[in-house]
Amino acid sequence: MSNLLDLLVAGLATGAIYALVAVGFTLLWQTSQTINFAQGEFVMLPAFLMLAAMHAGAPFWLAIILGILLSMILLGLAFKMLLVDPMMRHGVLPLAIATMALAIGIKEAVKQFFSAEASPFPSIVPTGDISILGHIVSLQSISVLALAILAVLGLTTLLNRTSLGHQMQAAAQNPTVARIIGVPVERMILLTFLINAFLVALASLLITPIYLAKFSSGEVLGQAAFIAAIVGGFNQVRGAIAGGLLIGVLDNLAASYVSTQYRAAVPLIFLILVILFRPQGLLGRAEERTV
Amino acid sequence: MSGLGKSLKIALGLAVIAGLIIVPMNFNRYGLFILSQWAVMTIAAMGLNLTLGYAGQVSLAQGAFVGIGAYAAAIMTTHGWPLPVAILVAIILSFAVGWVLGYPALRVQHHYLAFVTLAFSTLAFLVFRNESWLTGGIYGISNIPRPHFFGIPTNKPLPFYYVCLGSLAIVSVAVWWLIRSPWGRAFMALRENPLRAQSLGVDTRRYTLMAFAIGSALGGVAGALYAPLTQYIDPVPFNLSLSLDLLMMVIVGGAGFFLGPFLGAMIAVLLPEWLRFTEGYYLMLYAVAVMLLLIWSPTGILGILDRYLAERRTKAASALRAVAKSRLETAQ
């Protein structure tokens, strides 16, 4: 029983991180039809930026701030202006392919300029175990879960409760009309790219202490985020959150109740079933064109 | 004018073919291996070009079919079956699995389809890795024999390069014929406007499945040649990144152009080798090159050529018009 509880908490913690990455992924899709195949590498990179800052002598807190700022410049601003803007009007596929190339580029750059080996990464939350109602649970999992939920709550408040959020949603849903009623659509799209960069940097900060910093760790993460986004609903922020949590829990349960060899297969089979029987995702709206 | 252009094209094609036959004769082992790899990857990319470029169905599973073909060939040839039989089995197996994978394409399109095929690709990798009674698991299958053709052994790199090149030639002719047949036209109708295709009496259901199955079968052929080329296979080369690489080859070369896969595979296989003098930077430069190319021309290399030719044609036409107009005016 305590084993199951621990698995659930650990699953929710990784799931919450997947949710952060998946939310960013769906935001990019909604505002600019960008399928970012480099999203996993986007999560991998900020940890290395922070490590580099620490190697240069910065204390941990400063390294975090620098890492997040650099991520927002590189993975938000530069990504949008140098790659997405010139390619956006040419359709979904060439841009998706370009992000695949970007993924290779980021991976190789980290391998070349940093290290091919896995590096340990300090945790920003306390580690150890605590006892809740007589059950031992990992404190790190609880803190990661709490932080991720806080971030997601902050984001949903921004999107649903503020004028800025409403403008962003308008820009995503109908750019033409949004432009007519005076929404600065371009600036809103840029903002979603910056938010995505912030979310991946946060995810990087939370997940790297658990899985170590490695140039290739983006592959698994990116795929988990894709699956979470699609399972939950490609066009819905809340769908991506639910999908992330679900995949995290499913992944952890599969690891201990299904064979470890086929652990990775469980979310994939789930993904195929969802796409075939409910292609708009568990919480998504149906899109006429794509279904 | 157009007759001259056509004979120029034929002459150029013959020169390239002659070059591919004669020039590698004094290549070293490694050069021949890379060229053979180019031929094999071109076959796989041609299959994906049929599915994606002509029929418009996004697939991220072509690497898995190369894997299926490679394992089929490796298992059969190490048990004493001749390679041609193994290739036939690889074709049938990939065709059947590709047909089944086509069913989701009847329900979902575009990025949803991309993700179903992506999931399939990873599942296939898991099977290659975990079913060690069949595939040898992470230790793979070694000592894959190379075939004898008409009593000539192809153990040396050069004869086996000719096997790959010959297979590429056969596949090219078959694909060339296919895309000019009513089938190819039906595929293109499927890509351009499925609704209109259906209303004109094209059985879109059957052709969608066919586009997947035939494209996948070519992936199987490529795999069945890959196994004896490397003579050792394990699951690693057939993971998701092979599918992504093949997709990149098709798009970079120019999706929907017959010669696109040849150029795309050349860039994906040969460009990293040419950049090797930059040591650790070569894959990074390759990634940057692909991104710059796609920013410049999202329709790939042949898209640039296509645009240039179209521009020249319009210019020639407007020049003719101007001449005709001035003649008309002087006549008045």
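Structural data are supplied above this passage.
Residues numbered from 1 in each chain as written. Chains lettered and ligands numbered in written order. Predicted model: local features only at pLDDT ≥ 70, side-chain atom pairs only at ≥ 80, totals over all residues.

A. Geometry of the overall build of chain B. Within chain B, the secondary structure is distributed over 14 helices and 2 strands. The globule rule puts the C-alpha radius of gyration for 332 residues at 20 Å, and the 22 Å found for chain B is close to it. Dimensions of chain B, computed from the C-alpha atoms along their principal axes, are close to 85 × 50 × 45 Å. The buried share of chain B, taken over its 332 residues, is 46%. In chain B, the share of contacts with a sequence separation of at least 24, taken over all contacts with a separation of at least 6, comes to 77%. (Helix = DSSP H or I, 4+ residues; strand = E, 2+ residues; numbered from the N terminus. Rg over C-alpha atoms; globule rule 2.2 N^0.38 Å. Buried ≥ 20, exposed ≤ 12 C-beta atoms within 10 Å, placed from the backbone. Contact = placed C-beta atoms within 7 Å.)

B. Structural detail: the interface of chain A and chain B. At the junction of the two partners, chain A supplies 32 residues and chain B supplies 30 residues. Counting residues per element, the ones that place at least two in the side of chain A that touches chain B are α3 (60-87), α4 (92-113), α9 (218-232) and α11 (265-277) of chain A. Element by element, the count of residues in the side of chain A that touches chain B is highest for α4 of chain A, at 13 residues. Taken together, the residues that form the side of chain A that touches chain B break down as 26 nonpolar, 5 polar and 1 charged. (Nonpolar A, V, L, I, M, F, W, Y, C, P; charged D, E, K, R; others polar.)

C. Looking closely at the nonpolar core. Residues and elements named next belong to chain A. Residues A19, L20 and V21 are the most contacted members of the largest nonpolar core, which totals 202 residues. In terms of residue count, the dominant contributor to this core is helix α1 (residues 2-32) (16 residues). Setting aside residues no more than four positions away along its own chain, L20 makes contact with A148, A151, V152, L199, L202 and A203. (Core = buried A, V, L, I, M, F, W, Y, C linked by C-beta atoms within 7 Å.)

D. Examining the packing of α4 of chain A against helix α11 (residues 240-253) of chain B more closely. Taken N-terminus to C-terminus, the directions of α4 of chain A and α11 of chain B make an angle of 130°; their axes are 10 Å apart at the nearest point. Judged on the interaxial angle alone, α11 of chain B and α4 of chain A are oblique. When the axes of α4 of chain A and α11 of chain B are compared, the crossing they make is left-handed. Contact residues: L93, P94, I97, M100 and A101 of chain A in α4 of chain A; L244, L247, M248 and I251 of chain B in α11 of chain B. (Axes fitted to C-alpha atoms, helices over the stretch in contact; angles between N-to-C directions. Parallel < 35°, antiparallel > 145°, perpendicular 65-115°, else oblique. Left-handed = near helix turned anticlockwise from the far one by under 90°.)

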